[in-house]
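Architecture at a glance
The lines below spell out each chain.
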Amino acid sequence: MKLNKLFGGLLGLGLALSLVACQTEIGPAGPTGPAGPQGPPGADGQNGAENCVDCHGSNQLITAKMFQWENSVHALGGHYARNTTSCAVCHTSQGFLERIETGAQVTAATIDDPLPQNCYTCHQIHSTYTQADWALTASDPVTLWEGGETRDIGKGNQCINCHQARIAAGLPVPGVAGTTEITSSHWGPHHGAQGTLFTGAGGYKVAGSTAYANSLHTTLVEDACITCHMAPVSGGRESGGHTFRVASETGTLNTNGCVQCHTDGANAVKDQVALTQTEIEDLLAQLADKLVAGGIFDANHELIPGTYDNVLAGAAYNYIFIEEDKSAGVHNAKYVRALLKNSIEALQ
Ligand code: HEC
Ligand code: HEC
Ligand code: HEC
Ligand code: HEC
Ligand code: HEC
Ligand code: HEC
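Rules and cut-offs
- Residues numbered from 1 in each chain as written.
- Chains lettered and ligands numbered in written order.
- Predicted model: local features only at pLDDT ≥ 70, side-chain atom pairs only at ≥ 80, totals over all residues.
- Heavy atoms only, no water.
- Donors = N, O, S within 2.8 Å, 3.2 Å for Na, K, Ca; no water.
- Tetrahedral: all angles 85-135°; square planar, octahedral: opposite > 155°, others 65-115°.
- Helix = DSSP H or I, 4+ residues; strand = E, 2+ residues; numbered from the N terminus.
- Buried < 20%, exposed > 50% of the residue type's maximum accessible area, 1.4 Å probe, protein only.
- Salt bridge = Lys/Arg side-chain N within 4 Å of Asp/Glu carboxyl O.
- Axes fitted to C-alpha atoms, helices over the stretch in contact; angles between N-to-C directions.
- Parallel < 35°, antiparallel > 145°, perpendicular 65-115°, else oblique.
- Left-handed = near helix turned anticlockwise from the far one by under 90°.
- Contact = heavy atoms within 4.5 Å.
- Nonpolar A, V, L, I, M, F, W, Y, C, P; charged D, E, K, R; others polar.
- Near = heavy atom within 4 Å.
- Polar contact = N/O pair within 3.5 Å; in protein donor to acceptor, adjacent residues only side chain to side chain.

So, on to the coordination of the iron atom of ligand 4. Octahedral metals with six donors have ideal donor angles of 90 or 180 degrees. Tetrahedral metals with four donors have an ideal donor angle of 109.5 degrees. Looking at the iron atom of ligand 4, one finds its protein donor set to be His-91 (NE2) and His-190 (NE2), positioned 2.0 to 2.1 Å from the metal centre. Viewed at the metal, the six donor atoms of the iron atom of ligand 4 are separated by angles of 86 to 180 degrees, and the geometry they form is octahedral. Taken together, the residues His-91 in helix 5 (residues 85-91) and His-190 in the loop between strand 3 (179-182) and helix 9 (194-198) connect sequence positions 99 residues apart. A relative accessible area of 24% means that His-91 is categorised as partly exposed. With relative accessibility at 28%, the residue His-190 sits in the partly exposed group.

Below, the structure written as structure tokens:
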């Protein structure tokens, strides 16, 4: 570089001298001189790999979440094989992202190479290649498919886009007399109706002596599902965090998300859960007996297709709805109690 500069300087001087010498007779232009010296280096540009390292460095951030996720039912459940248009919107990652984009309840086509709910499903991975990519893909309030009411439960909105009841063809309207035709043993709210039940929607509210109300969980628990199901992990990766489990596979409850409110401690909250679940299971059993007696359920509590009185069909719907919620009342005990007690009463 220094040599180059010196050489360039000498060349420049030579050129200037020859110009002076030829002042009187201007001849044809000489050949283009050699290239000048290299300029100084430019200011530092943005380093492309710098942002990547925030996530893909040695901080093990992704590895830790991935390790937990691998023990989630999202990773292990196997139902991502449900990749046809009406199932792929919840059961495949690609179908879900398409639905969030289009607002439709079906995908345009069957999803090839289906994937289960993974990092890309819930986070805006590789949109900007910055930390902003951890933002959720579906944080807006959700208009429930069944009943059409809109719910806003903070970060829990991400979950209830999928964890909600699907429209049940021919669900009777409470208070309207008549009959309901049930054409399939799969009639009902489908699996995973948690978001609908948790927010106090979607039940068949038959009139009865128990007033309909929601538990304080539905309004007090910030970000709802996230606080209880993504609480700090317990037992390594048995539950909590990105396992999305509130209880381990063997049923040990993770109380890390509960004790901020249930201040009398982990054992007390476990006792409380046992109390609520025993009570709700008992009410479910009472209702099942009535549904078997009414001829709408077989002895295994499966639906028998047929045409039934609206109240009987609505009560059967409530039973399936509460069973499919799988929390046996913990999500919204007051609402579940009222649905069950009033359904039993209506079938006396
Ligand atoms: C906000 C965090 C974040 C940033 C920033 C980020 N990534 Fe990623 N990246 C992820 C996550 C999460 C995954 C998925 C992890 C997995 O599935 O193993 C991923 C996956 C990948 C993969 C594997 C892709 C595949 O299809 O399997 C590559 C390659 C990659 N990233 C490269 C990059 C590069 C290059 C940059 C910077 C230009 C970058 N990433 C920036 C979070 C990030
Ligand atoms: C894209 C749709 C989708 C989203 C978003 C989603 N889930 Fe799921 N979830 C599912 C499906 C489908 C299953 C069943 C997976 C299977 O069996 O393959 C499931 C399973 C689960 C299970 C296990 C259920 C069981 O029977 O053991 C839990 C717990 C759960 N999800 C919690 C959550 C939470 C909490 C969120 C929000 C942070 C969430 N899910 C977001 C679709 C979703
Ligand atoms: C079903 C939805 C869902 C899936 C799948 C999911 N996440 Fe998350 N993730 C969330 C939610 C919701 C939060 C916010 C939790 C909170 O606020 O406590 C979160 C938080 C995070 C954070 C903390 C973000 C921050 O702002 O600091 C990281 C990192 C993360 N997730 C990584 C991952 C990785 C890596 C994967 C794939 C292995 C993944 N997530 C899969 C829903 C999901
Ligand atoms: C609105 C979202 C959504 C749609 C659409 C949807 N599912 Fe699901 N499905 C779920 C969720 C959430 C679960 C997990 C529920 C749980 O374990 O509590 C699930 C679970 C299942 C299961 C496992 C049930 C079990 O008890 O293990 C099957 C089978 C299934 N779905 C089939 C289908 C089929 C077939 C379709 C299309 C006709 C479909 N689903 C459409 C959300 C959906
Ligand atoms: C107040 C805490 C709390 C909140 C908030 C909460 N859950 Fe749960 N959830 C539970 C408990 C406790 C169970 C029952 C666990 C058991 O009996 O093993 C449960 C059960 C479930 C199950 C059945 C599978 C399992 O893990 O046992 C799913 C799926 C589920 N919840 C999803 C959700 C979704 C989606 C939301 C948000 C709408 C939500 N939960 C909100 C505490 C909570
Ligand atoms: C934000 C505060 C808050 C959090 C977090 C919370 N709870 Fe609660 N919980 C309450 C309050 C307040 C009540 C009593 C009022 C009510 O039932 O409406 C209650 C009541 C209950 C009941 C009794 C319901 C009934 O009516 O039978 C159970 C069971 C329960 N909680 C379990 C849990 C579990 C398990 C967790 C954690 C996974 C949890 N709660 C997290 C505030 C909370």
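All right, on to the pattern of salt bridges then. Throughout the structure, instances matching the rule amount to two salt bridges. For Glu-149, the salt bridge identified is with Arg-151, shortest N-O distance 3.3 Å. Here Arg-151 falls in the buried class, since its relative accessible area comes to 16%. For Glu-279, the salt bridge identified is with Arg-337, shortest N-O distance 2.8 Å. Of this pair, Glu-279 sits in helix 12 (residues 266-293) while Arg-337 sits in helix 14 (residues 333-346); the two residues are 58 residues apart in sequence, bridging distant segments of the chain. By relative accessible area, which is 27% here, Glu-279 ends up partly exposed.

Moving on to the packing of helix 12 against helix 14. Helix 14 packs onto helix 12 with a crossing angle of 25 degrees between their chain directions and a minimal axis gap of 9 Å. In terms of their interaxial angle, helix 12 and helix 14 are classed as roughly parallel. With respect to the hand of their crossing, helix 12 and helix 14 are arranged in left-handed fashion. Counted together, Thr-276, Glu-279, Ile-280, Leu-283, Leu-284, Gln-286, Leu-287 and Lys-290 of helix 12 and Ala-333, Val-336, Arg-337, Leu-340, Lys-341, Ser-343 and Ile-344 of helix 14 form the full contact between these two elements. Of the residues assigned to the contact of helix 12 with helix 14, the class counts are eight nonpolar, three polar and four charged.

Now for the site of ligand 4. Cys-87, Cys-90, His-91, His-190 and Lys-326 are the nearest of the 16 residues found near ligand 4. At 2.8 Å, a side-chain N or O of Lys-326 approaches an oxygen atom of ligand 4. For the shell around ligand 4, the leading source of residues is helix 5, giving five residues. Within the shell around ligand 4, the residues separate by chemical class into five nonpolar, eight polar and three charged.

Time to look at unusual backbone geometry. Despite not being glycine, Asp-113 shows a phi value in the positive range, around 50 degrees. As for its placement among the helices and strands, Asp-113 is situated in the loop between helix 6 (93-102) and helix 7 (119-122). We note that His-126 has phi near 60 degrees; this positive angle belongs to a residue other than glycine. By the secondary structure assignment, His-126 is in the loop between helix 7 and strand 1 (142-143).

Here the focus is the environment of His-191. Locating His-191 in the fold gives a position in the loop between strand 3 and helix 9. Along the sequence, His-191 and Ile-320 sit 129 residues apart, while their C-alpha atoms lie 9.1 Å from each other. Setting aside residues no more than four positions away along its own chain, His-191 makes contact with Gln-164 and Glu-324. One polar contact links His-191 to Glu-324, side chain to side chain, over a distance of 3.2 Å.

On to the coordination of the iron atom of ligand 3, then. Distances from the iron atom of ligand 3 to its protein donors, namely His-123 (NE2) and His-242 (NE2), fall within the range 2.0 Å. Note that the iron atom of ligand 3 binds six donor atoms; their angles at the metal cover 88 to 180 degrees, and the shape is octahedral. One end of the pair, His-123, is in the loop between helix 7 and strand 1; the other, His-242, is in the loop between helix 11 (225-229) and helix 12, with 119 residues separating them in the sequence. Accessibility assignment for this pair places His-123 and His-242 in one class, buried.

Here we take up the site of ligand 6. Taken together, 20 residues lie near ligand 6, and His-217, Cys-258, Cys-261, His-262 and Arg-337 sit nearest. Between ligand 6 and His-217, the relevant distance is 2.8 Å, taken from a nitrogen atom to a side-chain nitrogen or oxygen of the residue. The set of elements that each furnish at least two residues to the shell around ligand 6 consists of helix 10 (217-220), helix 12 and helix 14. No other element matches the four residues that helix 12 contributes to the shell around ligand 6. Looking at the shell around ligand 6 residue by residue, the class counts come to 12 nonpolar, six polar and two charged.

The values are spatial; any link to function lies outside them.
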